[in-house]
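What the coordinates show
Single-letter residue listing:
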Amino acid sequence: MLDSAMFRVTSSPHIRSGETTQRIMLDVIIALMPALFAGVFYFGIRALIVALIAVVFAVGTEVVMQKVLKRPVTVNDLSAVVTGLLLAFNVPSTAPWWLVAIGSIFAIAVVKHCFGGLGHNFMNPALAARALLLASWPVRMTSSAFLAPGADAVSTATPLALIKGGMSFVNGAPVAAAGEVAGQALPSIWNLFIGNVGGCIGETSALALLIGGLYLVYRGVISIRIPGVYIGTVAVLSFILGGFNPYYPIYHVFAGGLFLGAFFMATDYASSPMTAKGQIAMGIGAGVLTVLIRFFGAYPEGVSYSILLMNVATPLIDRFTMPKKFGEVKKSA
């Protein structure tokens, strides 16, 4: 006797994954922990306080917005926690609490819920909040970010700011070539890799971010396509525009927010392309924009704006890379 369930007709999808939003977000939180530990190690307890403030205001805003909009409260899916952590990683450890709070509120209330909630935001909420904070309080978001880590912290320029005007060599060691920082020694490649440099909380340790990113790839949460193509594009173009100096791709890959953006923000499900070709296109586009901003723009970092611009272009990318439906007939003119 045939099972009647075999003849039931339902709408797609017919095959569902066992993964839940909560499980995916928990994996992202786990992947962010090495970078958070590195931030606390280098910048002190202040980094942890900033992260906690960002998460608390993000979660609180999520609850308030869902209550106001009469939607089910889904704060236990952990998406607001992820947004709060990513925002904290994009601000300096010296940021005042109110600045962090404003960023979290804007990310959740405006960028996420004003466009329909989880899965409907057309750009990454944490990056949009960073752009707002940078435009509104540039001094607090930049000058205070140049606090070198360590107990005896001193104000210093970030590695990307040091090489903005070019690079020269003194006794075989790379130094900044122009501007107010001319002659200042660049951090060693090892310090750059492990995170012993100045910058935002989540922009220091490339090693910690790489560990977290590879964990997400291993868990199947993200594909290596966007991060791999993005980082590769930045490496190749910075090598060419840097006059084929091998130091340029090393510093442009390991310094700044490239690893943070490539693994944790450019791969956001809602604001990145759905197809493999589209993801490759996004990686290339974000890489090109990042290098152009870093080399020719007034701001030494370009990751945030490059990803936001590609987020806006995502619907167009999906339109031209989406495979044809099975059995689709070409429309007549």
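Residues numbered from 1 in each chain as written. Predicted model: local features only at pLDDT ≥ 70, side-chain atom pairs only at ≥ 80, totals over all residues. Heavy atoms only, no water.

Labelled according to an unreviewed UniProt entry, the chain appears under the name Ion-translocating oxidoreductase complex subunit D, originating from Lutispora saccharofermentans. In the Sequence similarities (unreviewed entry) part of its UniProt record, the chain is described as follows: "Belongs to the NqrB/RnfD family." Looking at the Function (unreviewed entry) heading of the UniProt record, one finds this comment for the chain: "Part of a membrane-bound complex that couples electron transfer with translocation of ions across the membrane." (UniProt positions renumbered as here; feature names shortened; annotations may be inferred.)

1. Describing the UniProt feature "transmembrane region" (unreviewed entry) in the chain
Feature annotation in UniProt places "transmembrane region" (unreviewed entry) on residues 72–91, 193–217, 224–244, 250–267 and 279–297, given in this structure's numbering. Each end of residues 72–91 is marked by a C-alpha atom, and these two atoms are 31 Å apart; helix forms 55% of the span and strand 0%. For the annotated span residues 279–297, helix accounts for 95% and strand for 0% of the residues, and the straight-line distance between the end C-alpha atoms is 25 Å. (Helix = DSSP H or I, 4+ residues; strand = E, 2+ residues; numbered from the N terminus.)

2. Considerations on the packing of helix H5 (residues 125–136) against helix H14 (residues 303–321)
The interhelical angle for the contact between H5 and H14, taken along N-to-C directions, is 125 degrees, at an axis separation of 10 Å. On the basis of the axis angle, H5 is oblique to H14. As H5 packs across H14, the resulting crossing turns out to be left-handed. Between H5 and H14, the residues in contact are Leu127, Ala128, Arg130, Ala131 and Leu134 and Ser304, Tyr305, Ile307 and Leu308, respectively. Residue composition of the contact of H5 with H14, by class: 7 nonpolar, 1 polar and 1 charged. (Axes fitted to C-alpha atoms, helices over the stretch in contact; angles between N-to-C directions. Parallel < 35°, antiparallel > 145°, perpendicular 65-115°, else oblique. Left-handed = near helix turned anticlockwise from the far one by under 90°. Contact = heavy atoms within 4.5 Å. Nonpolar A, V, L, I, M, F, W, Y, C, P; charged D, E, K, R; others polar.)

3. As for the side chain of serine 238
As for its placement among the helices and strands, serine 238 is situated in helix H10 (residues 225–241). According to the relative accessible area criterion, serine 238 is buried, its value standing at 0%. There is a polar contact of 2.7 Å between the side chain of serine 238 and the backbone oxygen of valine 234. Within the structure, the side chain of serine 238 is placed 3.1 Å from the backbone oxygen of alanine 235, a separation counted as a polar contact. With residues near it in sequence (within four places) discarded, serine 238 still touches Tyr248, Pro249, His252, Val291 and Phe295. (Buried < 20%, exposed > 50% of the residue type's maximum accessible area, 1.4 Å probe, protein only. Polar contact = N/O pair within 3.5 Å; in protein donor to acceptor, adjacent residues only side chain to side chain.)

4. Some remarks on the UniProt feature "modified residue: FMN phosphoryl threonine" (unreviewed entry) in the chain
UniProt feature "modified residue: FMN phosphoryl threonine" (unreviewed entry): in the numbering of this structure it lies at Thr158. Tracing the chain through its elements places threonine 158 in the loop between helix H6 (138–142) and helix H7 (159–162).

5. Here's the deal with unusual backbone geometry
Despite not being glycine, lysine 70 has its phi angle at roughly 55 degrees, a positive value. By the secondary structure assignment, lysine 70 is in the loop between helix H2 (45–68) and helix H3 (79–89). For lysine 70, a relative accessible area of 75% corresponds to the exposed category. Look at phenylalanine 244: it is not a glycine, yet its phi comes out positive at around 60 degrees. Phenylalanine 244 sits in the exposed class, given a relative accessible area of 53%.

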